[in-house]
Amino acid sequence: MSVAEIHIQNVVASTSIGEELDLNAISAAFENAEYEPEQFPGLVFRVEKPKTAALIFRSGKVVCTGAKSIAAVDEAVNIVINALKAKGIQGVKGDPEITIQNIVATSDLKAELNLNAIAVGLGLENVEYEPEQFPGLVYRLKDPKVVVLIFGSGKLVCTGARKAEDAERAVDKITAELSSLGLLF
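K.L.:
Describe the pairing of strand β4 (residues 52-56), listing the residues and the values that go with them.
P.N.:
With five of five residues buried, β4 lies mostly within the body of the structure. The alternating pattern of β4 places Thr52, Ala54 and Ile56 and Ala53 and Leu55 on opposite faces, both of which are buried. As paired strands, strand β3 (residues 43-47) and β4 are joined by five bridges and run antiparallel to one another. Among the inter-strand pairings, valine 44 is bridged to a residue of β4, identified as leucine 55. The turn linking β3 back onto β4 is made up of four residues. Direction of pairing for β4 relative to strand β5 (residues 61-67): antiparallel, over a ladder of four bridges. Opposite isoleucine 56, over in β5, you have valine 62 as the bridge partner. Hairpin connection of β4 to β5: four residues between the antiparallel strands, including glycine 60 at a positive phi of 95 degrees.

Given below as structure tokens:
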């Protein structure tokens, strides 16, 4: 049971939905597709619900971004596959294996934090804190292997998680560490 509530803000996942896709044909078939190969080699396919963007590459590789859950990633990828098949786009295969690349989650410890004291307390080898450069403290955890940005307001941003549980574990671990150091009231 997590002490602080976490909120998933973005799930980034990758998959392959086929081989050698014709991005010009996809762009011509869909109003919600943007393809400008001079600017970016992939086609941006926007899905309204769940609100996501699928970056589709000629190789058949797809990167899905913007989802608020892993289930939403699965749903968005299936919507893209079905839409492409419905328009007769060649080379699309169904039932792809989806790999979660990154989960960005936020949390609020609901307390003002002294980042100078936290930097010293957590150990300088795992922490970057340069308030002239960036207002947050960067804490690199080894287990789970994530990066957490800690702000003086008590707000946290966790990135690099591959499972929602990793973000929860990171927040719980930080909460416990700060409490044990007497830095969380």
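Moving on, there is more to tell.
K.L.:
So what's going on with the nonpolar core? Which residues, and what values?
P.N.:
In terms of nonpolar packing, the biggest core is built from 56 residues, with Ile26, Phe45, Ile56, Leu84, Val148 and Ile150 touching the most fellow members. Here the element with the most residues in this core is helix α2 (residues 70-86); it accounts for eight residues. Ignoring anything within four residues of it in the chain, the contact list for valine 148 reads Leu137, Val138, Tyr139, Leu141, Leu156, Val157, Cys158, Ala170 and Ile174.

K.L.:
Before we move on, can you summarise the pattern of salt bridges with the specific residues and values?
P.N.:
Applying the stated criterion across every chain yields a total of five salt bridges. Arginine 46 serves as the salt-bridge partner of glutamate 34, at 3.0 Å between the closest nitrogen and oxygen. Within this pair, whereas glutamate 34 is found in strand β2 (residues 33-34), its partner arginine 46 is found in strand β3, the two being separated by 12 residues in sequence. Under the relative-accessibility criterion, glutamate 34 is labelled partly exposed at 39%. Among the salt bridges present, the one from aspartate 166 reaches arginine 169, with a minimum N-O distance of 3.4 Å. Of this pair, aspartate 166 and arginine 169 both sit in helix α4 (residues 164-180), three residues apart, which is roughly one turn of that helix. Ionic contacts of the salt-bridge type, sharing partners, join the residues Asp143, Asp166 and Arg169 into one network.

How each quantity is defined
- Residues numbered from 1 in each chain as written.
- Predicted model: local features only at pLDDT ≥ 70, side-chain atom pairs only at ≥ 80, totals over all residues.
- Heavy atoms only, no water.
- Buried < 20%, exposed > 50% of the residue type's maximum accessible area, 1.4 Å probe, protein only.
- Helix = DSSP H or I, 4+ residues; strand = E, 2+ residues; numbered from the N terminus.
- Pairing = 2+ DSSP bridges.
- Core = buried A, V, L, I, M, F, W, Y, C linked by side-chain atoms within 4.5 Å.
- Contact = heavy atoms within 4.5 Å.
- Salt bridge = Lys/Arg side-chain N within 4 Å of Asp/Glu carboxyl O.

Geometric values such as these leave the question of function open.
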